[in-house]
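Chain by chain, the residues:
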Amino acid sequence: MRIHIATDHAGLDFSRHLIEHLSAAGHEVIDHGPTSYDAIDDYPAFCINAAVGVARDQQAGVDALGVVFGGSGNGEQISANKVAGIRAALVWSESTALLARQHNDANVISIGARQHTVEEATSFIDTFIAEPFSEEERHVRRIAQIAEYEATGRIAGKVVDA
């Protein structure tokens, strides 16, 4: 599987560990940066580039997921979610990693590098990558509604206040 990763300065050490860990597990890792420490770097472009990589790969039929990091993971998740076709979930446990895949078919996860140890974060990521989408009808329906709103600003048969 191809794994796109991005971070900010707070997650740089995590990303270095992950590149090694995921590569050793047989994944192709694409690092969208940063490549060096800068305490005032701007994470949105890094995370958006990782999300774009996932979206493009998935549209092309490539098996791909993404991982973004930051101090809390919040801004990185928000950035990734601005890319059409991306469903980025903030993950803080193995349970949330499982549910992100099972129920939401999340294709990017965000983790707070200042909130977890490297070992915990690695476990969340391994869980996320290994878990398939459940394909349950209710989850498929809900994801389709999100995609419809993303594309049109509406959800057929539902009231969405404009």
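The present account deals with the structure reproduced in this document. (Residues numbered from 1 in each chain as written. Predicted model: local features only at pLDDT ≥ 70, side-chain atom pairs only at ≥ 80, totals over all residues. Heavy atoms only, no water.)

Tallying secondary structure elements over the chain gives six helices and five strands in all. For the chain, whose C-alpha radius of gyration is 15 Å, the value lies close to the compact-globule estimate of 15 Å for 162 residues. Each principal axis of the C-alpha distribution contributes one length, and for the chain these read about 50 × 30 × 30 Å. When each of the 162 residues of the chain is scored for burial, the buried share is 44%. Counted over contacts in the chain with a minimum sequence separation of 6, partners at least 24 positions apart contribute 70%. Surface summary for the chain: the accessible area is close to 8300 Å², and the carbon and sulfur share equals 52%. Across the chain, the mean location of the 12 positive side-chain charges is 9 Å away from that of the 23 negative side-chain charges. (Helix = DSSP H or I, 4+ residues; strand = E, 2+ residues; numbered from the N terminus. Rg over C-alpha atoms; globule rule 2.2 N^0.38 Å. Buried < 20%, exposed > 50% of the residue type's maximum accessible area, 1.4 Å probe, protein only. Contact = heavy atoms within 4.5 Å. Areas by Shrake-Rupley, 256 points an atom, 1.4 Å probe, with all protein chains shown as cover. Lys, Arg positive; Asp, Glu negative; His and termini not counted. Charge placed at Lys NZ, Arg CZ, Asp CG, Glu CD.)

The next point concerns helix H2 (residues 43–59). Between its first and last C-alpha atoms H2 spans 24 Å; for 17 residues at 1.5 Å apiece the expected length is 24 Å, and the two agree. Within H2 the residues assigned to the buried category are Cys 47, Ala 50, Ala 51, Gly 53, Val 54, Ala 55 and Asp 57. In this structure, the buried residues of H2 make contact with strand E1 (2–6), strand E3 (64–70), helix H3 (74–80) and strand E5 (108–112). Looking at the residues trailing H2, positive phi occurs at Gly 61, about 85 degrees. (Expected span 1.5 Å × (residues − 1).)

To continue, consider the nonpolar core. Counting residues in each nonpolar core, the largest one holds 22 residues, and the members touching the most others are Val 67, Phe 69, Ile 111, Ile 125 and Phe 128. When contributions to this core are tallied by element, the ones reaching two or more residues are E1, helix H1 (12–24), E3, helix H4 (94–104), E5 and helix H5 (118–130). Tallying contributions element by element places H5 first for this core, with five residues. Ignoring any residue separated from it by four or fewer positions in sequence, one finds Phe 128 in contact with Leu 65, Gly 66, Ala 97, Ala 100, Arg 101, Ala 106, Asn 107, Val 108 and Ile 109. Counting residues in hydrophobic clusters, the runner-up holds 12 residues, among them Ala 6, Ala 51, Val 68 and Ala 80. (Core = buried A, V, L, I, M, F, W, Y, C linked by side-chain atoms within 4.5 Å.)

Moving on: the packing of H1 against H5. H5 packs onto H1 with a crossing angle of 45 degrees between their chain directions and a minimal axis gap of 11 Å. Taken together, H1 and H5 sit at an angle that is classed as oblique. Both H1 and H5 take part in a crossing whose hand is right-handed. Of the residues in H5, those in contact with Phe 14, His 17, Leu 18, His 21 and Leu 22 of H1 are Val 118, Ala 121, Thr 122, Ile 125, Asp 126 and Ile 129. Tallied by class, the residues present in the contact of H1 with H5 amount to seven nonpolar, three polar and one charged. (Axes fitted to C-alpha atoms, helices over the stretch in contact; angles between N-to-C directions. Parallel < 35°, antiparallel > 145°, perpendicular 65-115°, else oblique. Left-handed = near helix turned anticlockwise from the far one by under 90°. Nonpolar A, V, L, I, M, F, W, Y, C, P; charged D, E, K, R; others polar.)

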